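Residue strings, one per chain:
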Amino acid sequence: MTGLIDTHTHLQFGEFDKDREAVLERAWQAGLEAMVVLGVDAASSEAAIALAEANPRLYPTAGWHANVAVGLDQEGWRRLRELTQHPRVVAVGEIGLDFYRNLSPREDQVRVLEEQLALAAERRLPVAVHCRDAHDRMYPILKRWATKARPLFGEGRLLGVMHYFSGDLELARRYVDMGFLISVHTCVTYPTSGRLREVVTGLDMGCLVLETDSPYGAPQSQRGRRNEPSYVAEAATRVAELRGLTAEAVAQRTGENAIRLFGLRTAQAGAGSGGGRAW
Ligand SMILES: [Zn+2]
């Protein structure tokens, strides 16, 4: 496979400290072209940027996760605003709502989400959204934001991605209509992933990107172990089976979608297949 992009990894996390170089090497061997490294607070966003500065095929984001929303103080917010101005940062994320784990009070989660959506609009950066058991609250927030953000971003620009998408096909279509892509996680390889399979087969291929969310959520073949970016190839293979396509075609198409969403300047984008951000 060539052109594969893991659109959501936490490669900067401690789980990779012992063998990060080997993990990267396996990813390039598996045909990855690039990966997007997601921050979850100021320190992890800084660490993602540091990794990306050392490796041009890594693209960092800056964001503050719902689970730690309660900890976003003035100093954190100042650092975060500054980090989103770094020239390599491709998105504001990982932001969102997690009403399953409820590690921060829900009202703090909503406030921190809305503040970061406003920041993303100000910076004209797409958002990477985490949403667990909270779509009823999430949908109207994003809908309102998308209506305001669309004229700022310009016609035809994608506004963000629903990472580790857990809703049904109908909800996926509503997010797509709003200007979002839907991210298919390596858990599409699980026998129990019926609802996600319907999303994969029901949407146009232009709406899908792939991710691992590594180190979490390993694919079926590695279950219980650490996940890593190279396993995004297993998601591509499964999507290919479900869609009746070659894995190569899925890797290329989802890779192009990721390039368009994040404005990545990869070799593939340079070859004219993807385009890039206008700024
Ligand atoms: Zn994540």
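Attention here is on the structure that accompanies the text.

Quick notes on the rules
Residues numbered from 1 in each chain as written. Predicted model: local features only at pLDDT ≥ 70, side-chain atom pairs only at ≥ 80, totals over all residues. Heavy atoms only, no water. Pairing = 2+ DSSP bridges. Helix = DSSP H or I, 4+ residues; strand = E, 2+ residues; numbered from the N terminus. Axes fitted to C-alpha atoms, helices over the stretch in contact; angles between N-to-C directions. Contact = heavy atoms within 4.5 Å. Buried < 20%, exposed > 50% of the residue type's maximum accessible area, 1.4 Å probe, protein only. Polar contact = N/O pair within 3.5 Å; in protein donor to acceptor, adjacent residues only side chain to side chain. Salt bridge = Lys/Arg side-chain N within 4 Å of Asp/Glu carboxyl O. Donors = N, O, S within 2.8 Å, 3.2 Å for Na, K, Ca; no water. Tetrahedral: all angles 85-135°; square planar, octahedral: opposite > 155°, others 65-115°.

Considerations on the sheet that holds strand β5 (residues 127–132)
Inference 1: Strands sit in the order β4-β5-β6-β7-β8 across an open sheet of 5 strands; the sheet is parallel. Each end of this open sheet is capped by a strand with a single partner; those strands are β4 (92–98) and β8 (208–211). Neighbour-to-neighbour, the strand axes of the sheet open up by a mean angle of 30°, direction not taken into account.
Inference 2: The sheet contact formed by strand β7 (residues 180–185) and β8 spans 4 bridges and is parallel. Within β8, the residue paired with I182 across the bridge is L208.
Inference 3: Packing of helix α8 (residues 232–243) onto the sheet brings it into contact with β7 and β8, and relative to β8 it is tilted by some 140°.

Here's the deal with the side chain of T7
Inference 1: Turning to its location among the elements, T7 is positioned in strand β1 (residues 4–9).
Inference 2: The class of T7 is buried, set by a relative accessible area of 5%.
Inference 3: Within the local environment of T7, its side chain forms a polar contact with the backbone oxygen of L210, the two atoms lying 2.8 Å apart.
Inference 4: When near neighbours in sequence (up to four residues on either side) are disregarded, T7 contacts V36, L38, S183, V209, L210, E211, A258 and F262.

With respect to the pattern of salt bridges
Inference 1: This model, assessed by the stated rule, comprises 16 salt bridges.
Inference 2: The salt bridge partner of D17 is R20, with a shortest N-O separation of 2.7 Å.
Inference 3: A residue is classified by how much of its surface remains accessible, and D17, at 52% relative accessible area, is exposed.
Inference 4: A salt bridge links E75 to R78, with the nearest nitrogen and oxygen atoms 3.0 Å apart.

Concerning the coordination of the zinc ion
Inference 1: At the metal site, the zinc ion is ligated by H8 (NE2), H10 (NE2), E94 (OE) and D213 (OD), and these contacts range over 2.2 to 2.4 Å.
Inference 2: Coordination at the zinc ion comes from 4 donor atoms whose angles at the metal span 84 to 175°, giving a geometry best classed as irregular.
Inference 3: When the donors of the zinc ion are listed by position in the chain, the intervening gaps give H-x1-H-x83-E-x118-D. Remark: E94 occurs in strand β4 and H10 occurs in the loop between β1 and α1 (20–29); sequence separation between them is 84 residues.
Inference 4: Its relative accessible area of 2% is what places H10 among the buried residues.

Digging into unusual backbone geometry
Inference 1: The peptide bond linking G93 to E94 adopts the cis configuration, its omega dihedral lying at 10°.
Inference 2: The peptide bond linking S214 to P215 adopts the cis configuration, its omega dihedral lying at 15°.
Inference 3: On the secondary structure map, P215 appears in the loop between β8 and α8.
Inference 4: Phi at N102 takes a positive value of approximately 50°, unusual for a residue other than glycine.

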